[in-house]
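# Working through the structure, step by step
Residue-level listing of the chains:
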Amino acid sequence: YNKYCNGNISTILFFYSNKKSDIVKSEDTGRLLDVLYSKHIDNLIIYSFDVHLESDLINNLMEKYHVETSPTLVVNGNTKLFNPSNINIVEKYLK
């Protein structure tokens, strides 16, 4: 879209886990993304993926972006962030 339509849309791939050992971190990151989305509603798309679902799509994305733990964010296909603790950390990578 950005390349062909002269757009300025950022994307975030959110890889999370519902497992007991990861759920608090994943939920915290989810809340951070809720706030981030409300600030950038016109130019941000967030896709969420449970890393433990049996899905070729999720497995392929995890392999492509070398996602090994959760929660992990992939911002605009080129920046990988593990368990970001602050909205500013993520915002600096948006378009």
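Residues numbered from 1 in each chain as written. Predicted model: local features only at pLDDT ≥ 70, side-chain atom pairs only at ≥ 80, totals over all residues. Heavy atoms only, no water.

### As for the pairing of strand S3 (residues 72-75)
Note the following rule: Exposed residues in this analysis have more than 50% of their type's maximum accessible area, buried residues have under 20%, and partly exposed residues fall in between, with area computed by a 1.4 Å probe over protein chains only. For the purposes of this entry, the term helix denotes a DSSP run of H or I that reaches at least four residues, the term strand denotes a run of E that reaches at least two, and both are numbered from the N terminus. Two strands pair under a simple rule: DSSP has to find at least two bridges between them.
What you see with S3 is no split at all: Thr 72 and Val 74 on one side and Leu 73 and Val 75 on the other are buried throughout. Relative to strand S4 (residues 79-82), S3 runs antiparallel, the two sharing four bridges. Bridge pairing in S4 places Leu 73 opposite Leu 81. Between S3 and the antiparallel strand that follows it, S4, lie three residues; Asn 76 among them carries a positive phi value of about 55°.

### Details of the packing of aromatic side chains
Quick note on the threshold: Whether two aromatic rings pair depends on their centres lying within 6.5 Å, for rings of Phe, Tyr and Trp, where Trp uses its six-membered ring; planes under 30 degrees apart make the pair stacked, over 60 edge-to-face, and the rest tilted.
Summed over the entire model, instances satisfying the criterion amount to two aromatic pairs. Ring plane angle 45° and centroid distance 5.5 Å describe the contact between Phe 14 and Tyr 16, whose orientation is recorded as tilted. Residue class for Phe 14 comes out buried when judged on its relative accessible area of 6%.

### Side note on the pattern of salt bridges
Filter applied, for reference: In the sections that follow, a salt bridge refers to a side-chain nitrogen of Lys or Arg positioned within 4 Å of a carboxyl oxygen of Asp or Glu.
Inspection of every chain in the model, using the stated rule, returns two salt bridges. Between Glu 91 and Lys 39 there is a salt bridge; the shortest N-O distance is 3.0 Å. Here the residue Glu 91 occupies a position in helix H4 (residues 87-91), and Lys 39 occupies one in helix H2 (residues 23-39), the gap between them amounting to 52 residues.

### So, the pairing of strand S1 (residues 10-16)
For clarity, the threshold we go by: Assignment of crossover handedness uses the view with strands pointing away from the viewer, where a clockwise path from the first strand over the helix to the second indicates a right-handed crossover.
Of all the seven residues making up S1, five are buried; the element is thus mostly covered by neighbouring parts of the structure. Relative to strand S2 (residues 44-50), S1 is paired through seven bridges, and the arrangement is parallel. Pairing of Phe 15 across the sheet is with Phe 49, part of S2. For the handedness criterion, the β-α-β arrangement of S1, H2 and S2 is classed as right-handed. Direction of pairing for S1 relative to S3: antiparallel, over a ladder of four bridges. Its bridge partner being in S3, Ile 12 is matched across the sheet by Val 75.

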